[in-house]
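Residues per chain, in single letters:
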Amino acid sequence: MSESVLRLYDDYRAELIEVPLHPADEVLPLSYLLKAQKAQVYATGSYSAQLSVPRAGYIRHVEVQLNHYPISATYYANTNRLYFAPGGRSKSIFADAFGFARFTIRVTYASGPAQMFYSDYIEVITPLTDENYSVNSMGAYIARHNPMLFYGTREDYDTREGSKGPGYYSLEDKIRQLKQTATLFERSWRLIRLRPRKAALHSQNGSSQSMQASVRYLLGHPEALHRVRDSRVGLRIGMNTYIPDLSHVDQTLSTTDVYENQVTLSFLKGVCDDIEAMIPELAREKKLIPARSVLHDKTITNMQNSAAFLYEVMKNSFDSTENELRDLLAGFRYLYQVYSRAIPARLIELKKAPTLTPAFRQLPAYRLIYESISRCFARKNVSVGDLRFVRTFLQITEMYEVYVLTKLGEFFESSGFQRTRSYRVNHTFESDTFYKNTEINNVYIYQKDDLKITLYYQPVIYNHKHPDRAITGLGRSTSISMPIKGSEESSYGTYYTPDYVFRIESPKWKGARYILGDAKYSTSHDVKKQKIFPLIFKYLFSISPIHPDDQITGLYVFNGRNPEVQTRLRIARSIYDLVRDSESIFPQVEIISLYEYPGTRQADQFEALQRLFTNQIEKARAIYERPLNVSDSDSLLPANLDSQSPLASLALLSQASLFDPDEADPEDPFEEDFETMETTEDQEAFPPMTPSSPDSDPAQDNPVEEPVDRSVDFSGLEPENGIDENTAQKNEEPLNDAVHSDLSD
C-alpha cells in the first residue's frame, strides 16, 4: 500500500474510497496502471477528501488538479480535509470526467521544497448518453494517426536528428529512432554498394579467386602469351599453342569480411531479432486490458462504467503499434538481405557501441552507419511495457486535446499542405509546477506554395526575457493571472501553456500571424458562459509577439461535448454575436465544435476550419500583397489596422487622407465580403471542399478513413462536488485558499 493516500468521501452514498498517491517523479509501468484495482466515482456525485502524506503537520498550502484542470479546493490543516468548490451549474467535480479521473496534488510545506503527487486512475460512472459513441470514435481517430503524433517525416530522418534530450523514453521513441536508422542505412547502402570496405587477402595457388585474377590479367595483357611448339602443354588458340606468363599477376586479393562490415550486418540482424521478439510481447501486454468493466454497485441503473469505452480504444492503440513493428521488421529484414549481398561478412556479438575505426571515421557512408548504431546504443533499451501512447486514453481531457491535434493535422494535409517536419522539443520550467513536457511530437510544420504554417502543441509561452522565448516567437507580457473561480485572491505567474499555437507566414508578408487555441472537453454553452473570458485575458491580453511586425490575430477554442446531438449546431461560432459581419473583426475569437457524435461529418468540420483559416490568410494577403497607391511614408498604415477597432481604423485612415471617411473604399480589404471574395488560383491556400448533400447516404456520415502509410520507403533498394466549505465542521480552520500562479496558467 502506498504511504500517501487520498481518501474520497462520497457525501451522497456515505462511502469512503481510498486512492493511492505516488510521487510525481515515479514512472509507473503500464502493467501496474492496467492491473491495479481501480476505485469508482460517480459523475453526478458530491465528494470531499482527506489528504494523508508525509509531513502532513507542516503543510502550508495545497493545490489540486483533476485531469489536468485546476479545481478550487480549501484545505483544513487541523483535519487534513479538502473541500472542493466546482463552480458553475454542476455540483460534482467529476461532472466533466469520462473514462478515468486522476488527481494531481501539489503540497507546499512551511519549509523545504514543494512536493507533487499523482493519484491512481479512478473509473468514472456516468449516465447513459451518446457521448460513448463520440469518445470511442475519437479514440479510434487518434489511433489511426499514430505516425503523425510520434514519428517524423523523411526530412526529419534525413537531418540526422540527435537525442531528444531528457524525458521518459518509450517504445514509440524507439520506433521513431529505428525509422530514422532505416532511412540512414538506406542512404548509406547506395554508397557502400559502389565502394564497399575491403581488406587485402593473400591468395593461395589453385584457388578460384587466383584463377579469376589470372584470366582478368590475360584479357588485358595479350602480350603475356608466348607461342610454343609443343602442342601438348598450354593454351590452344586456333592452330597455335601458347604458354601464359603469369609472373606479373597480382596474387593479393581482397575480402569484405572486415570489422566495419561485420558490425553493420550484426547490427541489422540484431534489430530484426529484437523487433521479432517484441511483437508477441506486445500481444501479452494487450491481454492485460480488462475485457469488460462493471459497476461495483449492482443496484445502480441507467448508469455505465465509462472506462469500458477507453479500454476498447486502448486495444486499438496496441493494434496500431503492432502494425508499426511489423512494418519495421519487414524493412530491416530487407536491409539485411541487400547488405549481405553487397558486403558479405561474418556475424559478431554486438552488445555495445562499435569501436570508432579509421574507416568509420573517414568514409562518409560508414560514418553515417557508425553514428546511427552508436545513437541506438546510447539510449536505454525499452520493452513494450514502456508503451506511452496508451496512457493518453486514460484521461478524456488529454485524449480530447490529442484528438483535436490529429484533426487539425488531417485538415491541413487534406487542404493540400505537406507536413514537412514533425518533432518534439523540451521546454524548461520550474520543477514544482503542474506543467509537464508532452510525450508526443509538439512541433508540426506544414507548407504549400509560399505559405508555411507551424503548429505548436502545448508550448510554453515564457516572459519576454526568457532565453527560450524564440521557440514560438511569443512572450507573456504581464505577471497578472486570472484567479481560479472560488478564490478571492489574484494569482501571478511567468508563463502560459496554450494547447495550440498556429504561426502563419509567407515570404511575401511583413511578419507572421499567430492564432492561439485551447481544447475544452465541454459544451459550447459552457465554454461561452464560463471559460471564454479567462482564455481571452490569457491569450489575447497577456501575450504579445516578440517581433514588432508579428501579430496575434485569433483565438480558437475547441469544445468536445454536445448533449443535444439531434440539434445540428454550427461548427464554428464567433463571440461577436451583435454584429452581422463578425468575420471582418480581428482578432478572431471562435468557439469550434469538434467531436464524433452520430451524424458528424468530417467534411463539414473541415469546411468550417477552411473558412476561418482562409479568412486569416486572405486578410494578410490583402494587407501585404495588394498594391497600394500611397506614399512610402503611409505604406505601413494598413499593416497596423488588424489591432485596431473599426472606429480606430477609420480614424487612422481619415487622418492619413487615404479616402473620404464618409465614403466606403471599394479596395479596402476590411469591407470585402467573405462569401464573394475572389482569389486567384495560386493564392488559394484552402481549395473549396465539395459541399455535403442533405440527402447523402447516412452510412457516409462517419466514413472509415484509410490509414496513411508513412513507413520508411525502401523502394530505392534492390532485392496519447465537493461539499461547500461553509458546511465544514466548526472546529476546522481553513489554512489558506490562495492561488499560486501555475495552477491557473
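The structure under discussion appears in the preceding block.
Because the structure is a prediction, the values reported are computed rather than measured. (Residues numbered from 1 in each chain as written. Predicted model: local features only at pLDDT ≥ 70, side-chain atom pairs only at ≥ 80, totals over all residues. Heavy atoms only, no water.)

### Here we look at the environment of Tyr495
Within the secondary structure, Tyr495 sits in the loop between strand S23 (491-492) and strand S24 (500-505). The buried category is assigned to Tyr495, whose relative accessible area is 4%. Note: C-alpha distance between Tyr495 and Gly475 (20 residues apart in sequence) is 8.1 Å. (Helix = DSSP H or I, 4+ residues; strand = E, 2+ residues; numbered from the N terminus. Buried < 20%, exposed > 50% of the residue type's maximum accessible area, 1.4 Å probe, protein only.)

### Observations concerning the sheet that holds strand S27 (residues 551-561)
One open sheet holds the eight strands; their spatial order is S18-S19-S20-S24-S25-S27-S29-S28, and the pairing between them is mixed. The open sheet has two edge strands with one neighbour each: strand S18 (418-423) and strand S28 (572-574). For this sheet, the mean angle separating the axes of adjacent strands, direction not counted, is 20°. Two elements, S28 and strand S29 (residues 588-593), share three bridges in a ladder whose sense is antiparallel. Paired with Ala572 across the two strands is Ile592, which belongs to S29. Packed on one face of the sheet, helix H11 (residues 396-414) meets S18, strand S19 (443-448), strand S20 (451-457), S24, strand S25 (513-523) and S27 and runs near 20° to S24. Strands S20, S24, S25, S27, S28 and S29 of the sheet are contacted by helix H13 (residues 602-624), whose axis makes an angle of about 180° with S27. (Pairing = 2+ DSSP bridges. Axes fitted to C-alpha atoms, helices over the stretch in contact; angles between N-to-C directions. Contact = heavy atoms within 4.5 Å.)

### What about unusual backbone geometry?
Of note, the amide linkage connecting Phe586 to Pro587 takes the cis form, showing an omega dihedral of 5°. Mapping Pro587 onto the fold places it in the loop between S28 and S29. At Arg55, a position not held by glycine, the phi torsion is positive, near 60°. The topology assignment puts Arg55 in the loop between strand S4 (47-52) and strand S5 (59-66). In the Ramachandran plot, Asp449 falls in the positive-phi region, its phi being about 55° despite a non-glycine side chain. With respect to the secondary-structure elements, Asp449 resides in the loop between S19 and S20.

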